[in-house]
Amino acid sequence: MLAKIAFIGTGGTIASIGTDQFDLLDYNASQQRLDAAALIERIAIQGTIADISPVNFRQIDSTAITSGDWADLADLCCQLADDSSLCGIVIGHGTASLEETAWVLSLVLDLKIPVILTGSMRPLTGISTDAHANLAAAIRVAIAPTTGPGVFVVINDEIHDPKTVTKTHTLRLGAFQSPWAAPIGYVDGTEVRFRQVSKRRNETFARDLLREMPRVDISYSHVGADGCAIQSFVAASAKGIVSAGFGPGMATPAETAALHDAVNAGVIVVQSSRTGAGLVVDTAHHQSLGIIAGGDINPQKARILLSLCLAAGYSHGDIAEVFHSL
Ligand code: ASP
């Protein structure tokens, strides 16, 4: 008997229909995306690797995902996992924000079965689309006995940790990488191999907090940045600001002054880096300004973590500890 999985469709390129097979770039223009059931039927994968229960959820571009969608998606995963015959859940997602959805789910889900996110760089109807292969690989990981509970990103025959994975190219196949960290496993044909023991992230946040995530903005450093964006975020009642700074995690002097003002106004500031990998140094200077070092997650993931910490009512010290122990 085939193992049973649920496939949740959210839309994205993996569900997108272009004008013809050569429409690889502007297929969003058609606004045509299949729901989960139609996608499974079109790929003709039902009953081949697994017994798939399609679950229609959204048919949107992932740039349109909101924290409300995340809350609904997390609730849906929990409901589905109540079915003890289910081996895993696969989520088809747009690649634009896939890493953010994977990260947020990894922070709120504590299920007994794996949750796998996948997407594709070429539309379902495109020449040499990666949609079929990515969906098949994701299903293989969902049903593999070696896959423990947790949230994983499976794309381009690689298994990635939501903490490290990021989209590194606007268009190419193989755009998803874990810079300076590598995949945690591979899918080679029918075989699923983990390089390292699949880690379960402890549940740290209640799912309900996704419904009340406070405003947290990201300020992106560049030569000559004058802190105006930071002042605007404070004026817009941001409860937190993530500074996507230069190299080791540093903003311009003018931005640093604006960040210090934000801290004095009660905003929690996390210093991150725009480089895309590596630990942000917890400098004595930042400590003296009340700015928290953002660990080794990218700014968009730091934003999510900070917002959840704020929703949970954590103190400045608690939040510093959360980022320190990443
Ligand atoms: N526009 C797409 C999205 O929904 C991009 C993709 O899926 O590759 O994110």
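In short, a report on the structure.

**A few points about the side chain of Asp 23**
Reasoning step 1: For Asp 23, the location among the structural elements is in the loop between β1 (4-11) and α1 (36-43).
Reasoning step 2: Despite its burial, Asp 23 pairs with no opposite charge, the nearest such side chain being Arg 122 at 11 Å.
Reasoning step 3: Here Thr 19 takes part through its backbone nitrogen, which lies 2.9 Å from a polar atom of the side chain of Asp 23.
Reasoning step 4: The contacts of Asp 23, once residues within four sequence positions are left out, are Gly 18 and Pro 123.

**A closer look at the packing of helix α2 (residues 67-81) against helix α3 (residues 98-108)**
Working note: a packed helix pair is described by the angle between its axes plus the distance between those axes.
Reasoning step 1: One can describe the packing of α2 onto α3 by two numbers: an axis separation of 10 Å at closest approach and a directional angle of 55 degrees. With respect to α3, the axis of α2 lies oblique. In this structure, the crossing between α2 and α3 has a hand that is right-handed. Residues Trp 70, Leu 73 and Ala 74 of α2 touch α3, and the partners they reach there are Glu 100, Thr 101, Val 104, Leu 105 and Val 108.
Reasoning step 2: Each residue belonging to the contact of α2 with α3 can be placed in one class, and the counts come to six nonpolar, one polar and one charged.

**Thoughts on the site of the ligand**
Reasoning step 1: Neighbouring the ligand are the residues Gly 12, Thr 13, Asn 28, Asp 61, Ser 62, Gly 94, Thr 95, Ala 96 and Ser 120.
Reasoning step 2: Residue Ala 96 places a main-chain N or O atom 3.0 Å away from an oxygen atom belonging to the ligand.
Reasoning step 3: Between the ligand and Ser 120, the relevant distance is 3.2 Å, taken from an oxygen atom to a main-chain nitrogen or oxygen of the residue.
Reasoning step 4: Class assignment for the residues of the shell around the ligand results in one nonpolar, seven polar and one charged.

**A look at the sheet that holds strand β12 (residues 240-245)**
Hydrogen bonds between backbone atoms are what pair the strands of a sheet, whose relative direction is either parallel or antiparallel.
Reasoning step 1: One open sheet holds the four strands; their spatial order is β11-β12-β13-β14, and the pairing between them is parallel. Each edge of the open sheet carries a strand with a single partner, namely β11 (216-220) and β14 (292-293).
Reasoning step 2: Of the strands in this sheet, β11 and β12 are in contact with helix α5 (residues 228-235), which crosses β11 at around 170 degrees.
Reasoning step 3: Lying over the sheet, helix α8 (residues 299-311) contacts β11, β12 and β13 (268-273), oriented at roughly 160 degrees with respect to β12.

**Regarding the pairing of β11**
Reasoning step 1: Relative to β12, β11 runs parallel, the two being bridged by five bridges. Counterpart to Ile 218 in the pairing with β12 is Val 242.
Reasoning step 2: Note on the crossover from β11 through α5 to β12: the handedness is right-handed.

Thresholds applied
- Residues numbered from 1 in each chain as written.
- Predicted model: local features only at pLDDT ≥ 70, side-chain atom pairs only at ≥ 80, totals over all residues.
- Heavy atoms only, no water.
- Helix = DSSP H or I, 4+ residues; strand = E, 2+ residues; numbered from the N terminus.
- Buried < 20%, exposed > 50% of the residue type's maximum accessible area, 1.4 Å probe, protein only.
- Lys, Arg positive; Asp, Glu negative; His and termini not counted.
- Salt bridge = Lys/Arg side-chain N within 4 Å of Asp/Glu carboxyl O.
- Polar contact = N/O pair within 3.5 Å; in protein donor to acceptor, adjacent residues only side chain to side chain.
- Contact = heavy atoms within 4.5 Å.
- Axes fitted to C-alpha atoms, helices over the stretch in contact; angles between N-to-C directions.
- Parallel < 35°, antiparallel > 145°, perpendicular 65-115°, else oblique.
- Left-handed = near helix turned anticlockwise from the far one by under 90°.
- Nonpolar A, V, L, I, M, F, W, Y, C, P; charged D, E, K, R; others polar.
- Near = heavy atom within 4 Å.
- Pairing = 2+ DSSP bridges.
- Right-handed = clockwise from strand over helix to strand, strands pointing away.

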